[in-house]
Structures are given as structure tokens and as C-alpha cells.
Amino acid sequence: MRLPDACMLFDRKTVIPMTTDNEYTQLLLSDRDLVKPQEPGKGQTQVNREGREAPSASHKEETVQEGDNTVLSAMESVKEMGQVSPVGPQKSDIHCITIIGQIEGHLVLPPQNKTSKYEHIIPQLVAIEQDPSIRGVLVVLNTVGGDVDAGLAIAELLVTISKPTVSLVLGGGHSIAIPIAVSADYSFIAPTATMTIHPIRLAGLVIGVPQTYEYLDKMQDRVIRFITEHSRIKAEEFRELMTRTGDLVRDVGTVMVGAEAVGVGLIDEVGGLSDALGKLRELIALGPKPAKGRE
Amino acid sequence: MTALLYSIYPPEVVFADQRSLQDPAPASLEMSSSVQASVRYHEIIRGGARLVVHKGRGGKAKVIRLISTDPFDYLNPRYAPGTEIEL
């Protein structure tokens, strides 16, 4: 079998996925393993696990080309994509979920909306949960709200993921972004970021169902219950902020800036990127989380 | 099909595209929706990262947006928005 000859250059772990005819793994290889940056002091050669000296980068390509087809196609895709830069071959142990625009769920929104899609975020969270090299999740929120079901689904997954999670509200974290922000183990808000609490029934919109006041109230209760279960705010306080007048032109509700969101007990702390990453490292150092569920 | 939106954007902004078909919208809204309608984006997977691309002529495409949870992917110039790639 020709494959092992060509693959001696790489770590054994990376040999196995190469045998699959999968674009993902081929390119992953080309990206992260083929162009490993030279470690300082190691010079032009790298020593593989067996202690054998692997050929230098230029030699590597030749060996690959006379060898296996799978490796060859990986090299072709490198050529197609242009020059491979040494920037970015490493993998972060903290993964980041950025939520921007409208959170899109059941309905594809018209193209003038920038959306964060359910079908992107949910599998990302499932993959993060399963990848042993990922140790923590940072959720960066800058969103105007969106689909109630999709927002709550993301929030529920964040609550039940076994890895430490920290959320950071930047710019705006409005409406359905609130349950997502509070679903993390620890939440931050930037000093200038805003969060808007308003009723679902006034600015919200239901398409396709003849909604009643009771229906919207029930949907709203669902959101409030989640928020109060995962933050320090009490349901009565939240309802009071939701129906306050004077803040919003078109609606009742409250806009909170930075420290105000911490003051009402919605968010844990005012902070920025280094605070959020520092907290996440701290949570990672504490070890595995106790299994979390509904109390 | 049901969708319940809990958003600070009012429905007339979120659904401006559909509404402009029925009743005349302000000129600015109409222009933005007609520009958007002519642009078609596609999602492809390259190197383990999901890319939103705008397909051009001759099997080429321009990267519009990268979707990945690994922040280091965003340092990779191959995925940088504006980069031309072969499909």
C-alpha cells in the first residue's frame, strides 16, 4: 500500500482522515498539517513521531506528488486557492460564536437583513461539544433580536454544553439576544453596549398563525422564565422593565447601557475581550462543569 | 409556517423586500432591495470552513463571508473576504 509511504511525513493521527474522500479533511490537512510552521530552533527539518527526520518543505511536496492521490488532490486545492501562508495553521482551544444581525430560524429573511442562522450555529455547538481539543466557548453578541424559537434553541444548547461558556455583549444585545447572553456560565457587557427589553406582543410579529393575546403572552412567559432562571433578575423586575414607558418611541420597554444591565442583574460584569477570555481561562482551569439541567 | 420574531427592528424593515412588491416603498428602500435582489450568494465548504461566496464568471468566486467558530481561521488570508477562489 502506497499510502503510508507518503504519509510518513505526518503525525499518525492525521493519516487516517486522509484516506477518506472528503474535501473537508483533505483541506484541513493542507491547511493545518502540511504547512506546519517551523518551530524555532528546529531548522529546516522536522522530526516525526518515530524519530525519523522528515524531509524539508520543498522535498515534502515532491514525495507527496509521486505518492498518494488523496494527498495529491489536497496539494491541487492548495494551488487552486493560491499561495499558502504560514498564518493561521494553528487551532484555537477557545472557539468563538459570533451572532450578528437578526437571528434567523424558521423563516428565511429577505436579503437586506444580515442574519445569524440557526442551521449554522446549532451544528457548531454540537461540534464544539464533541471536539476534545476545544476547551471553552466565547459567545459574542451584537444582534437586534430575531426568531424566538431559534434564539431559545441556541440558549438552551449553551446552557447544557459541558464546556465553559462566556458571553460578551458588544454594540447591542436586544430582545431574543437576552436569553442567549444569560445562558453562558458568565456574561459580560461592553461599557457602551445596549440591551433592549420590550414586550413580544407589540414589536414582535407572528406570521402564519392567527395569534391571540394569550398566545403571545405564553411565548413571552417562555422567554422571561428562561432569563430569570439563568440570571439574577426577578420575573417581576423584568416585566416592569419590559413595560416601562418613556425610553422607546414606538414601544414600551427599557434600553440599558453597559453597567445598567449589570445593575438590574441581567449581566454579570462590565468588561471587554481580555476580561471575557480571562474569565473563560479561569473557568477552564476549574475543570469539568457539574452537569447542568433544570433545578 | 410560523415565525415569531422578537426583535427591535420593526416588521416593515425586516420584510421591506416583500412589502415593496405590494405597495410602493420609499425610493431608498426600493433601491436597496433591487440591488440586493441582483446579488446571489452561495455557501461552500473549503478547508473545514464555511464560506459565503459570490459566484462570478469562469468558475471563479469571491469570498463574501467566512463562517467558522475557530478564530484562527479568520487570520487565514485564503478565507479573507474579497479573495478570489476557484470553484
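Residues numbered from 1 in each chain as written. Chains lettered and ligands numbered in written order. Predicted model: local features only at pLDDT ≥ 70, side-chain atom pairs only at ≥ 80, totals over all residues. Heavy atoms only, no water.

Caption draft 1: Structural view of the environment of Gln112 of chain A. Along the chain, the position of Gln112 of chain A falls in the loop between β3 (94-104) and β4 (115-117). Residue classification places Gln112 of chain A among the partly exposed residues on the basis of a relative accessible area of 26%. Within the local environment of Gln112 of chain A, its side chain forms a polar contact with the backbone oxygen of Val13 of chain B, the two atoms lying 3.0 Å apart. (Helix = DSSP H or I, 4+ residues; strand = E, 2+ residues; numbered from the N terminus. Buried < 20%, exposed > 50% of the residue type's maximum accessible area, 1.4 Å probe, protein only. Polar contact = N/O pair within 3.5 Å; in protein donor to acceptor, adjacent residues only side chain to side chain.)

Caption draft 2: View of the packing of helix α7 (residues 148-160) of chain A against helix α10 (residues 213-230) of chain A. Residue and element names in this part refer to chain A. Interaxial distance between α7 and α10 falls to 11 Å at its minimum, and their mutual angle equals 25°. With respect to their mutual orientation, α7 and α10 come out roughly parallel. You can see that α7 and α10 cross each other, and the crossing is left-handed. Packed against α7, whose contacting residues are Val148, Asp149, Leu152, Ala155, Glu156 and Val159, the element α10 presents Arg222, Val223, Phe226 and His230 at the interface. (Axes fitted to C-alpha atoms, helices over the stretch in contact; angles between N-to-C directions. Parallel < 35°, antiparallel > 145°, perpendicular 65-115°, else oblique. Left-handed = near helix turned anticlockwise from the far one by under 90°. Contact = heavy atoms within 4.5 Å.)

Caption draft 3: Spotlight on the sheet that holds strand β4 (residues 60-67) of chain B. All names here are of chain B. Strand order in the open sheet formed by four strands is β2-β3-β4-β5, and the pairing between neighbours is antiparallel. Since the sheet does not close on itself, it has two edges, and those belong to β2 (41-46) and β5 (84-86), each with one partner. The mean inter-strand angle of the sheet, taken between neighbouring strand axes irrespective of direction, is 50°. In this structure, β2 lies alongside strand β3 (residues 49-55), joined through six bridges in antiparallel fashion. Pairing of Glu43 across the sheet is with Val52, part of β3. (Pairing = 2+ DSSP bridges.)

Caption draft 4: Structural view of helix α11 (residues 235-242) of chain A. Looking at α11 of chain A, one finds that the buried residues are Phe238, Leu241 and Met242 of chain A. Viewed along the axis of α11 of chain A, the buried residues span an arc of 105°, placing them on a single side of the element. Check the buried side of α11 of chain A and you find it contacts α8 (177-183), β8 (194-197), α10 and β10 (254-257) of chain A together with β1 (3-7) of chain B. (Arc of directions from axis to C-beta.)

Caption draft 5: Representation of the nonpolar core in the model. All names here are of chain A. Ile99, Ile154, Ile180, Met195, Phe238, Leu266 and Ile267 are the most contacted members of the largest nonpolar core, which has 48 residues in total. For this core, the element with the highest residue contribution is α7, accounting for seven residues. Here Ile99 is in contact with Ser116, Ile121, Val139, Val140, Leu141, Asn142, Thr143, Ile154 and Ile180, once residues within four sequence places are set aside. The next biggest cluster of nonpolar side chains, apart from the first, holds twelve residues, and it includes Leu138, Val166, Ala276 and Ile284. (Core = buried A, V, L, I, M, F, W, Y, C linked by side-chain atoms within 4.5 Å.)

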